[in-house]
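Observations on chain architecture
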Protein chains: 4
Amino acid sequence: MIINAEHIQSSNKPQEIAHARAFNFLAEDLDKKGLNVDLLIRQLQELQIAIPSWALGTGGTRFGRFSGGGEPATLIQKIQDVGLLHALNRSSNAISLHIPWDIPEDYDQIGQAAAAVEIGFDAVNSNTFQDQAQQKHSYKFGSLANSDEGARELAIAHNIEVIEIGKKLGSKALTVWLADGSSFPGQQSFRKSLQHTFESLQKIYQRLPSDWQMLIEYKPYEPYFYSTVIPDWGTSFLLANKLGEKARTLVDLGHHLPNTNIEQIVATLMTEGKLGGFHFNDSKYGDDDLTVGSIKPYQLFLIFNELVAGFSETKNPKPAWMIDASHNLKDPLEDLLQSVEAIKLAYAQALIVDRKALAYAQETQDLAMAQGLLQDAFRTDLRPLLQESLRQSGGAISPIGTYRELKVRETLIRERGKDSKSSGL
Amino acid sequence: MIINAEHIQSSNKPQEIAHARAFNFLAEDLDKKGLNVDLLIRQLQELQIAIPSWALGTGGTRFGRFSGGGEPATLIQKIQDVGLLHALNRSSNAISLHIPWDIPEDYDQIGQAAAAVEIGFDAVNSNTFQDQAQQKHSYKFGSLANSDEGARELAIAHNIEVIEIGKKLGSKALTVWLADGSSFPGQQSFRKSLQHTFESLQKIYQRLPSDWQMLIEYKPYEPYFYSTVIPDWGTSFLLANKLGEKARTLVDLGHHLPNTNIEQIVATLMTEGKLGGFHFNDSKYGDDDLTVGSIKPYQLFLIFNELVAGFSETKNPKPAWMIDASHNLKDPLEDLLQSVEAIKLAYAQALIVDRKALAYAQETQDLAMAQGLLQDAFRTDLRPLLQESLRQSGGAISPIGTYRELKVRETLIRERGKDSKSSGL
Amino acid sequence: MIINAEHIQSSNKPQEIAHARAFNFLAEDLDKKGLNVDLLIRQLQELQIAIPSWALGTGGTRFGRFSGGGEPATLIQKIQDVGLLHALNRSSNAISLHIPWDIPEDYDQIGQAAAAVEIGFDAVNSNTFQDQAQQKHSYKFGSLANSDEGARELAIAHNIEVIEIGKKLGSKALTVWLADGSSFPGQQSFRKSLQHTFESLQKIYQRLPSDWQMLIEYKPYEPYFYSTVIPDWGTSFLLANKLGEKARTLVDLGHHLPNTNIEQIVATLMTEGKLGGFHFNDSKYGDDDLTVGSIKPYQLFLIFNELVAGFSETKNPKPAWMIDASHNLKDPLEDLLQSVEAIKLAYAQALIVDRKALAYAQETQDLAMAQGLLQDAFRTDLRPLLQESLRQSGGAISPIGTYRELKVRETLIRERGKDSKSSGL
Amino acid sequence: MIINAEHIQSSNKPQEIAHARAFNFLAEDLDKKGLNVDLLIRQLQELQIAIPSWALGTGGTRFGRFSGGGEPATLIQKIQDVGLLHALNRSSNAISLHIPWDIPEDYDQIGQAAAAVEIGFDAVNSNTFQDQAQQKHSYKFGSLANSDEGARELAIAHNIEVIEIGKKLGSKALTVWLADGSSFPGQQSFRKSLQHTFESLQKIYQRLPSDWQMLIEYKPYEPYFYSTVIPDWGTSFLLANKLGEKARTLVDLGHHLPNTNIEQIVATLMTEGKLGGFHFNDSKYGDDDLTVGSIKPYQLFLIFNELVAGFSETKNPKPAWMIDASHNLKDPLEDLLQSVEAIKLAYAQALIVDRKALAYAQETQDLAMAQGLLQDAFRTDLRPLLQESLRQSGGAISPIGTYRELKVRETLIRERGKDSKSSGL
């Protein structure tokens, strides 16, 4: 299935009057506050969020997996699904592949499929948390940190292979998430595991092209439940510093202990020039991988507030943006549309924060004012602004509305069947 | 200091045109959605949030206390402070007293002072977590749950005295928060402590006037750090059920373990007709007692979403509303104005949820729609509606703005001095 | 494979002198403290911990599953595995079946297999968190709480079928764990979900034989990540009270929010006569399902301290004991041996607490003494006592040592193959 | 009051036979395992835990403070209290002073008082979380991180003064704990706060004598409840690295988010040579400051397990050891005796871990064995070994027993009065 400009336009048509009324009112408001509405629209348009290939199917838990039908069973179908999203919201011009779930067989064909829907290839992801059939050494007890040298070498080679695949696709970053860890006190030497991890990463780093980044993810627990080799930003930062310029920390919103102040971590990493990328999702308990913004939208805004501040106040390069959610219950494409919308709204809210007034309130210890300035931005309903940016980009004013109107899922089920299964968790 | 209608009007004046523009636009929107704007305004006006007497001064932590000046040093001054708030936002027509910090000496005088600023007396609070000078038995190891019968009897007598005081003031509820608990495994018999608590509450309950309620608060820890006698809603509910019709559970937003789904507790208690009251505040880590809505505004909305649903779907009586925050850093009056605003906005958002569509989405497992309906209400900027309800009530369109314009704090400092100290934590 | 008395004896032989030395020294110590060593041994022998059928294979996480080889592929093989454990430690005389993973085809044959290894059938467990092939209604959005009546009826019928199976096996309890819940605010009406749950349970309860119990498990999250229908002990207790005498709460150690005081919940439930059963495991973060005692052995002791106190001080019937762990990394049988050992040591420690002195210390607020009394019991090395109880029962002095010496796993792999897979998570 | 050798000996006398029996049995056991009992005793004797001056009085919470009587009201009395502890357990040969609570007036007199009870002066602690009377700039909004330069300069000068005091006393380290942080989103610029903190620390660092260390403490929250300037080990480590060789991280056990794996942090810091010191206490919820080992004794052992491993495997210098607890309920001296005992037992258990076997189990992925090795050490009852080390040092076999027998508290109350108050929280 393909969504073309005509589809979008005819779906937008009946909404245009109401949209114009709301947008004009808001634009006037923003203008009065001294904000440049055209610039805001451009900034929103430029924010592109990569979609991971594994988020297009239904993710499961250890207790079960309930497929929804019409899942993309091949890499080309995954690319087409991202294309559908991009056609609707013009905000996801890249897919992030996961190897070995998505090894391209024919690079030309893959490249053409992507070009056809105007998307590129974002960071490539290695997988060393599952054994593949006939694998010589098992990752049961770890990969880059395994006490068994054979397993480490295998994992290193796999990461290097992933870089090679990425090079052919035009990716510019390797994301390393390690499941490595332990479930019982005593199982591992923390010291040796960390040392193995560093040395393994070093070997991979040496093979990284000069214009690439290595993004090092951290996570406190799961799938192991006592320790992980890179549990927190501090450990990722320590490793990135030792590895060199091209290594940076990747923040996944769900990978934190209860009550962590994530926005402060973002600010600290940007101050040090070491924020490499982001995995967006939301969570209440652990790595719940829920729709972005569905649980803690104010935290999301506070994170973007730091990002926007960091863009102008630090030399940190623009981080890689990606959604990393697991869609157990909703239609994955609807879920992704909601996630992208939530990200863009939080970004828009952060863009309208009166930073001069905020700095003054901070300087003069005017706490009620400082809080009020952030909440003013957050409480402002910027949906008409986002919709205008979508409209001007050729996207749908209401992406989910159009998605449903066009019966996308029904069509995909018809095309691919009720039982097609996407690779992933 | 007194704020009169003229003050308010002259402060509102310059904002009226901009306000009217925003309100009219919003009203049209709400109207189109089939909402009755006048009814919404009336509902907002009717929501009155009691102010606890101890929130008018600067609260401290175990590490220190930094007074801000102009604090109310007497009960009359506390009443006047609530009067100032009520004059500004017409939303706090009652004060909640804490005994023995606020024992009235002359009831007539107190009554007149309250009447003069149009406020009444909400639930009375007992204090059995501090020893008073010359106290015969110490509460160091507990009050209603103390293994020492003398301490228990003292605490029971104190609560009965608090009821007597409340009766003279026109209160209709006794709030019981027990610090009782233990800091070390073994210190207490859980069983005996619970039994003592129940029997002590029973003796107090017997003295409760027939039109009163007993509100039983729960809290998992602090000031004791291993256990408390009423750690969770389940224990409070168990006790309330045993005590009888007039006993209900009081929910303090800060009294939960990390990640607790508080809105679900609210729904369950209302279903059982046992939600008695609310202490509003916000927190990131524990009982942080921060400004309402400053950390998790979406959670606050979700709680009101359950409250509003419960009002029509259950027979639970209207709960008692109170702020319970501790103002360590901000001007306490500004802090309270922000808290009340946050509560009312969350309430307004909950009122505009399309409940029929929500029920249908729930029935048909349309998750994206169900999430979208709640978020639509939450993202709608209802500040103009709230401001209109304030304006129509004779309050300030921007309570904090007017507060600052009128130089309330400066005046209070001039009247009361820089070092006046309010009783409280 | 079968382990017989001869195997055990010849393995015990070389350890007997060292064991006797250690045991005699300890027995003298305990005797001096006024403890009846023979009684302690009998109490330890009588504590039997049921083994769930799904713990005999390797459990996985959503990220992967790494089998270990020789897993029991049939119900008979599972029974035989429990038989191996029981032969080694004489402490697991029952298996707890999970339906539909373990539906017996031939009851006689199953009964004989169980009798052959001297084990019986503990509580039966229903499964309404996974869809079976050709299932008419899906559990994707819940079972007993589903808004779809068809799904509810299916789940009710399944539970009744599980009771029927249990009756034929000689079980006396049905354990109900519901995955039902929601992942997004708005997805479910808390009120209706709770109501559906209650009504569904009621229909099942009506079919419960008069000498059975219904054990209602609670869990705050996973597999859903915003709410569950029975999140905490309070909700389970509320339901059990409404259902009637035969319904009680089941406590799974891993099903609590961070920092929960579980031992207090145990004490409260026993005081109310509503503690129905236990799922033992250990965890650091969430429902980690690790080996019992591997993370928080002192908490385990404190729980047993309440259980032992409750046995004499309350009328709560003896709860059902079961391990509920998931063995991702260790050999499942070794893991279970370690779990049972940890449970029995904690029980032994609780048995030697000087309860009279403790009550006195509590009465007199002697905190250092109260803490000291518990820690004295906990720090006492009771392994020789446990070993003596095993020895006298005909078990192995060092169950894991004997297990390895007898090359049990190697034999099972030879018998069943490297790739045999056990049903379960 | 002074406790002399005679007191100790006569108190030990009646316990000697029982002790000898227990110790000889244990020594034989340890010897059989190839452990050098004399070396173990020496290692235990050498472990000296500094006592902070503020732990000798009753600490309070924001809700109240319940003094116990006989508290040391002067610095000399505090030194004498540590002297009493040291006389009993020969394990606390140093006091850690807190400025300005403990500014010496007469250094000679203080030195003599300390010498008289054989104790020295450990790390000095600055206090920038409370305002002193007449203080020119307030710390209400921070000290080293305050946006107000005046407050920062004041706090820097204070820290330098503390160093000067420490030099006169013979201290070798400055411990910096900053309360600085914020309670509301927006209150502070994370970036500027961190920058201010770094620059302020740098100015203090420049004044640090060459043989001193600067110990940088981290804490996620309290007394501020949204953010702190040094929330986690990563930030402390980052600052210590920038400051230089003499700066290291100090770990306070209570300063972590829920479920943090503290032992891993210890291992990582030692690997990097940056573990500077330890504040021992225990907690269930937050910075509860409870008696060491009273809540999570196994975690304490796991931490010592890393420390002992780190001593031989890394070049990290020996860290500074101190108790940092707050004694709200127990007699502070009894509490400290229990804390020191718990620390030493955990250390002893860590010393007897079979590290060679553990390394082999780790290498060969023998998880059950690895867990078993740690638990074997932890379950061994090493109290007789600790008692022997105390006895040989001239300390009491049962320090608390002797303390009570000698009626120390009663004597102190007689000497100092029931209402003497110690400075502190």
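Anyway, here's the lowdown on the structure attached to this text. (Residues numbered from 1 in each chain as written. Chains lettered and ligands numbered in written order. Predicted model: local features only at pLDDT ≥ 70, side-chain atom pairs only at ≥ 80, totals over all residues. Heavy atoms only, no water.)

1. Some words on unusual backbone geometry
Cis geometry is adopted by the peptide bond preceding Pro100(C), which originates at Ile99(C) and carries an omega value of 20 degrees. Relative to the elements of secondary structure, Pro100(C) occurs in the loop between strand E3 (98-99) and helix H5 (107-116). In this structure, the amide linkage connecting Glu222(C) to the following residue, Pro223(C), adopts the cis form with an omega of 10 degrees. Considering the arrangement of structural elements, one finds Pro223(C) in the loop between strand E8 (213-217) and strand E9 (227-228). Positive phi is not limited to glycine here, since Asp289(B) has a value of about 55 degrees. Locating Asp289(B) in the fold gives a position in the loop between strand E11 (275-280) and helix H10 (297-313). Take Asp289(B): its relative accessible area is 5%, and that puts it in the buried class. The residue Gln134(D) is not glycine, and still its phi comes out positive at about 70 degrees. Within the secondary structure, Gln134(D) is located in the loop between strand E5 (124-126) and helix H6 (149-169). What makes Gln134(D) exposed here is its relative accessible area of 77%. (Helix = DSSP H or I, 4+ residues; strand = E, 2+ residues; numbered from the N terminus. Buried < 20%, exposed > 50% of the residue type's maximum accessible area, 1.4 Å probe, protein only.)

2. Quick look at the interface of chain C and chain B
Across the boundary between the two partners, chain C contributes 54 residues, which contact 54 residues of chain B. Counting the surface lost from both chain C and chain B, the interface buries some 4,500 Å², and carbon and sulfur atoms represent 55% of this. Interface area lost by chain C to chain B is led by Phe190(C), Arg191(C) and Gln264(C), which between them contribute 16%. Of the charged contacts in the structure, one is a salt bridge between Lys242(B) and Glu272(C), with a shortest N-O distance of 3.0 Å. Applying the counting criterion to the chain C and chain B interface returns 27 residue pairs in polar contact (both at pLDDT 80 or more). Tallied by class, the residues present in the side of chain C that touches chain B amount to 23 nonpolar, 21 polar and 10 charged. (Contact = heavy atoms within 4.5 Å. Buried area = accessible area lost by both parts, 1.4 Å probe. Salt bridge = Lys/Arg side-chain N within 4 Å of Asp/Glu carboxyl O. Polar contact = N/O pair within 3.5 Å; in protein donor to acceptor, adjacent residues only side chain to side chain. Nonpolar A, V, L, I, M, F, W, Y, C, P; charged D, E, K, R; others polar.)

3. What about helix H13 (residues 367-379) of chain B?
Look at H13(B): 18 Å from first C-alpha to last across 13 residues, which is about the 18 Å you get at 1.5 Å a residue. Where burial is concerned, most of H13(B) is hidden: 10 out of the 13 residues are buried. (Expected span 1.5 Å × (residues − 1).)

4. Quick look at the packing of H10(B) against H13(B)
Residues and elements named next belong to chain B. Their axes nearest at 11 Å, the elements H10 and H13 cross at an angle of 110 degrees. Relative to H13, the element H10 lies roughly perpendicular. The chirality of how H10 crosses H13 is right-handed. Across the interface between the two elements, Pro 297, Tyr 298, Phe 301, Leu 302 and Asn 305 from H10 touch Leu 374, Gln 375, Ala 377 and Phe 378 from H13. Partitioned by chemical class, the residues of the contact of H10 with H13 number seven nonpolar, two polar and no charged. (Axes fitted to C-alpha atoms, helices over the stretch in contact; angles between N-to-C directions. Parallel < 35°, antiparallel > 145°, perpendicular 65-115°, else oblique. Left-handed = near helix turned anticlockwise from the far one by under 90°.)

Honestly, it's all geometry; don't read function into it.
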